[in-house]
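# Residue-level structure breakdown
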Amino acid sequence: MSEEKVQGGVQSLEVGLNVLDALIAHRTPMMLKELSEKLSMHPAKVHRYVVSLVRMDYAKQLDDGRYALGDQAWRLGLSCIQRTDIIQAAQPMIYALHREINCGLQISKWTSQGPLVVQWIEPDQPVSVITRVGSIMPMLNSATGRTFAAFLPEAIVRPMLDKEWQQRQALGQPVNPANWEEFQNMKSSIEAIGAATVSGDLLAGVNAVSVPVFNRLGEVEFCIAALGSETYLSVEPNSAKVQALKTTAQALTAFIA
């Protein structure tokens, strides 16, 4: 019997998907040896499947030889996220919020790489925004990143913040918060207010406010960020737009639960 056909399935496809699953499950790029050990498979055999995944853009090889997810894998994941029932069910409230505050709205989900933008709704007034659907938001100087950082477990958050601090230090770029102690102070403020803000930190002249939406387990299901010019979108906690954002997030949390 051909190895390609087992009980009506395709064995080689199943093996290839197991290799892809291993890359997905691992939070960082992997060496071929690591993949081989994780899959209990000979390195030469793993390499054949990885080559095919790279050829189809589901994986990519980095300069240091490690393998990571490719763009097609990210597009597949994004497509699945966009079709989740929760975000689809939330659309009426999200668009009602957009009409009320008339700011750009950014919906983001958490991934192993960080906050992933899964929806962007343009405002009527012009606002310069370079982050689009499919963008991974920074943790330190984006309102969305700060929101996830404040409400996710420390075991997930701290390694990602440490990585960003190291990258900024290597580039000689200042960043706020500058260390774990400063982040802890910011986290307390975000938790107390129920929203994270930035004022021109990511884009000059652009303010952003982000709020979390929680699921029935009390985990962050997704975040909603409003973006607008400094003159149009105030980041003051008691401003009408921030209050509208928080009210919608609370309504969505109640709806999901």
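Residues numbered from 1 in each chain as written. Predicted model: local features only at pLDDT ≥ 70, side-chain atom pairs only at ≥ 80, totals over all residues. Heavy atoms only, no water.

## Brief notes about the environment of Leu152
With respect to the helices, strands and loops of the structure, Leu152 is situated in the loop between helix 6 (143-151) and helix 7 (154-171). The exposure class of Leu152 is buried, given its relative accessible area of 13%. Between the alpha carbons of Leu152 and Val220 there is a distance of 7.3 Å; along the sequence they are 68 residues apart. With sequence-adjacent residues up to four places away left out, Leu152 is seen in contact with Trp110 and Val157. (Helix = DSSP H or I, 4+ residues; strand = E, 2+ residues; numbered from the N terminus. Buried < 20%, exposed > 50% of the residue type's maximum accessible area, 1.4 Å probe, protein only. Contact = heavy atoms within 4.5 Å.)

## Thoughts on the nonpolar core
In terms of nonpolar packing, the biggest core is built from 26 residues, with Leu105, Phe222 and Ile224 touching the most fellow members. Contributions of two or more residues to this core are made by helix 5 (85-101), strand 5 (104-111), strand 6 (114-121), strand 8 (206-214), strand 9 (220-229) and helix 9 (240-256). Every residue in contact with Phe222, bar those within four places of it in the chain, is listed here: Ile86, Ile87, Ala90, Ile107, Ser108, Lys109, Val211, Pro212, Val213, Leu252 and Ile256. (Core = buried A, V, L, I, M, F, W, Y, C linked by side-chain atoms within 4.5 Å.)

## Description of helix 1 (residues 11-25)
Between its first and last C-alpha atoms helix 1 spans 21 Å; for 15 residues at 1.5 Å apiece the expected length is 21 Å, and the two agree. Residues Ser12, Val15, Gly16, Val19, Leu20, Ala22 and Leu23 constitute the buried set of helix 1. Take helix 1 and look down its axis: the buried residues cluster within an arc of 150 degrees, on one side only. (Expected span 1.5 Å × (residues − 1). Arc of directions from axis to C-beta.)

## Points about the sheet that holds strand 7 (residues 196-199)
One open sheet accounts for five strands, arranged 6-5-9-8-7; its pairing is antiparallel. Edge strands, defined here as strands with exactly one partner in the open sheet, are strand 6 and strand 7. Sheet twist, expressed as the mean angle between neighbouring strand axes with direction ignored, is 25 degrees. Two strands pair when backbone bridges link them, and strand 8 and strand 9 are joined in this way by nine bridges, in the antiparallel orientation. The residue of strand 9 that forms the bridge with Asn207 is Gly228. Helix 9 rests against strand 8 and strand 9 of the sheet, and its axis sits at about 20 degrees to strand 8. (Pairing = 2+ DSSP bridges. Axes fitted to C-alpha atoms, helices over the stretch in contact; angles between N-to-C directions.)

## Some details on the packing of aromatic side chains
Overall, the coordinates contain three aromatic pairs when judged by the stated rule. Over the ring of Tyr232 we find Lys241; its NZ or CZ atom is 4.3 Å from the centre of that ring. (Phe/Tyr/Trp six-rings, centres within 6.5 Å; stacked < 30°, edge-to-face > 60°. Lys NZ or Arg CZ within 6 Å of the ring centre and 35° of its normal.)

## A closer look at the packing of helix 6 against helix 8 (residues 180-193)
Packing of helix 6 against helix 8 brings their axes to within 9 Å, and their N-to-C directions diverge by 90 degrees. By the angle between their directions, the pair helix 6 and helix 8 is classed as roughly perpendicular. On helix 8, the residues that touch Arg146, Ala149, Ala150 and Phe151 of helix 6 are Phe183, Met186, Lys187, Ile190 and Glu191. In the contact of helix 6 with helix 8, the residues fall into six nonpolar, no polar and three charged. (Parallel < 35°, antiparallel > 145°, perpendicular 65-115°, else oblique. Nonpolar A, V, L, I, M, F, W, Y, C, P; charged D, E, K, R; others polar.)

## As for the packing of helix 1 against helix 3 (residues 43-55)
Contact pair helix 1 / helix 3: the axes reach a minimum separation of 10 Å and the direction vectors enclose 80 degrees. Between helix 1 and helix 3, the angle falls in the class roughly perpendicular. Here Ser12, Val15, Gly16, Val19 and Leu20 of helix 1 come into contact with helix 3, specifically with Tyr49, Val50 and Leu53. Across the contact of helix 1 with helix 3, the residue classes break down as six nonpolar, two polar and no charged.

## Quick look at the side chain of Ser142
With respect to the element layout, Ser142 can be found in the loop between strand 6 and helix 6. A polar contact of 2.5 Å, which involves the side chain of Ser142, links it to the backbone oxygen of Pro138. (Polar contact = N/O pair within 3.5 Å; in protein donor to acceptor, adjacent residues only side chain to side chain.)

## Remarks on the environment of Val209
Inspection of the secondary structure assignment puts Val209 in strand 8. Counting along the chain gives 27 residues from Val209 to Glu236, while the straight-line C-alpha distance between them is 9.5 Å. Those residues in contact with Val209, other than ones at most four positions away along the chain, are Ala143, Ala195, Ala196, Thr197, Ile224, Ala225, Ala226, Leu233, Ser234, Val235, Val242 and Leu245.

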